[in-house]
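Report on the structure
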Amino acid sequence: MIVNLDGRFCTAEQACLPLQDSALLFGDSLFETIKVQNNKVLRIEAHLDRLALSASLLDFPRNHDEVRTNLLQTAERCPWPLARLRLTLTRGICNGLAVPPAQHARTIITAVSCSDPDDTQRKAGATCVFAPNRRVNPLSHLPQMKRGNYADCLYAARYAQSRGAREALFRTDEGHILEGATSNLFLIRDKTLITPAAGELVLAGVMRRQVLQAADTLGFTVRQQPIDMQTLFQADEAFLTNAIIEIMPIARLENFPLKRGPLALELLQAIRNGAAS
Ligand SMILES: Cc1ncc(COP(=O)(O)O)c(C=O)c1O
């Protein structure tokens, strides 16, 4: 593992945080999970934009340029063809519930090797289940941010694993399907790309943003609208997106097979070839 703590490289053993760090005590942190390919940080500006938005909404101290430099320097050191960067911002040592002074803030970056799903896995597609829990308070703006307080997503992701599935999909009480525990959801029907609107209960994923940009370039009609079960089962194709897996077709939801087609993987190829990079 490569570790960059506040701009300085160290070993994982040397890196330590105080016990009063606000991230440890309250899950009070922001994070990004970022893909690196051959030392290039993919979609860096989209990650930094989302971080900036969350930081401004939560009054989180951060230095955009410093974070970018630290990410680039960490990526340069990666000896692997593919790597996963985890960027974490914490407010640092806190005293009770008071907001710590900005100079206590910490920037933590780790890099580890990762791998892409192979062609066979993408062709087989993902099995999904419904998450047993809800995506927190529908009136809150907090699910829009990638916060350390990730309990809802972690619970759902682990539930999916326990059922032998790749992903758990969150639903609303009205039966609208929102997104996965760690991914956004897309459908394709008649060359129209459909995804639930971001904000409130759906995270504005960076891969989601890239898919929407590429879809425009490739002549898809795009609709951001609620997705119910009927819409899902009538779709020609359905797929998940996140910054690491990029695009993964869905093959089954609970015990039901979903329709399959070539467009999701064609979209992935087009993005990799430079559509909307
Ligand atoms: C709840 C949730 N939705 C969507 C995503 C996809 O976001 P991104 O494309 O930025 O990886 C994630 C990523 O972890 C997530 O946790």
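Residues numbered from 1 in each chain as written. Predicted model: local features only at pLDDT ≥ 70, side-chain atom pairs only at ≥ 80, totals over all residues.

A few points about the sheet that holds strand S3 (residues 29-37)
What counts, and what does not: Two strands form a pair only when DSSP identifies at least two bridges running between them. Here a strand is any run of E in DSSP of at least two residues, a helix any run of H or I of at least four, and the numbering for each starts at the N terminus. We call two residues in contact whenever the C-beta atoms placed from their backbones are within 7 Å. Angles shown run from 0 to 180 degrees and are taken between the N-to-C directions of axes, each axis being a line fitted to C-alpha atoms and, for helices, limited to the stretch in contact.
Spatially, the 6 strands line up as an open sheet ordered S2-S1-S6-S5-S3-S4, and their pairing is antiparallel. Two strands lie at the open edges of the sheet, namely strand S2 (8-10) and strand S4 (40-41), each paired on one side alone. Here helix H2 (residues 44-58) sits on the sheet in contact with S3 and S4, set at roughly 180° to S3. Sitting on the sheet, helix H3 (residues 64-76) is in contact with strand S1 (2-5), S3, S4, strand S5 (82-90) and strand S6 (106-113), with an inclination near 25° to S6.

Section: unusual backbone geometry
The line we're drawing: Buried means a residue has 20 or more other C-beta atoms within 10 Å of its own C-beta, exposed means 12 or fewer, and partly exposed covers the counts in between; C-beta atoms are placed from the backbone.
One non-glycine residue, Asn-39, adopts positive backbone phi at about 70°. Among the structural elements, Asn-39 can be located in the loop between S3 and S4. Its identity as a non-glycine residue notwithstanding, Glu-254 has a phi of 50°, on the positive side. A count of 11 C-beta atoms within 10 Å places Glu-254 in the exposed class.

Observations concerning the site of the ligand
Here is the rule: Whether a residue is near a molecule or strand depends on its C-beta atom, generated from backbone atoms, being within 6 Å of that molecule or strand. Residues were grouped as follows: Ala, Val, Leu, Ile, Met, Phe, Trp, Tyr, Cys and Pro as nonpolar; Asp, Glu, Lys and Arg as charged; and all remaining residues, including Gly, as polar.
The local shell around the ligand holds 14 residues, among which Leu-203, Gly-205, Met-207, Asn-242 and Ala-243 are the closest. Broken down by secondary-structure element, the contributors of at least two residues to the shell around the ligand are helix H6 (206-217) and strand S13 (237-242). At 3 residues, H6 tops the list of elements feeding residues into the shell around the ligand. Taken together, the residues that form the shell around the ligand break down as 5 nonpolar, 7 polar and 2 charged.

Regarding the domain arrangement of the protein chain
Selection criterion: For the domains described, the bounds stem from an automatic or database domain assignment.
The domain architecture assigned to the protein chain consists of domain 1 (2-113) and domain 2 (119-272). On the domain 2 side, the residues contacting the 19 residues of domain 1 number 12 residues. Mapped onto the side of domain 1 that touches domain 2, the elements with two or more residues apiece are S3, H2 and S5. For the side of domain 1 that touches domain 2, the leading source of residues is S3, giving 7 residues. Class assignment for the residues of the side of domain 1 that touches domain 2 results in 7 nonpolar, 6 polar and 6 charged.

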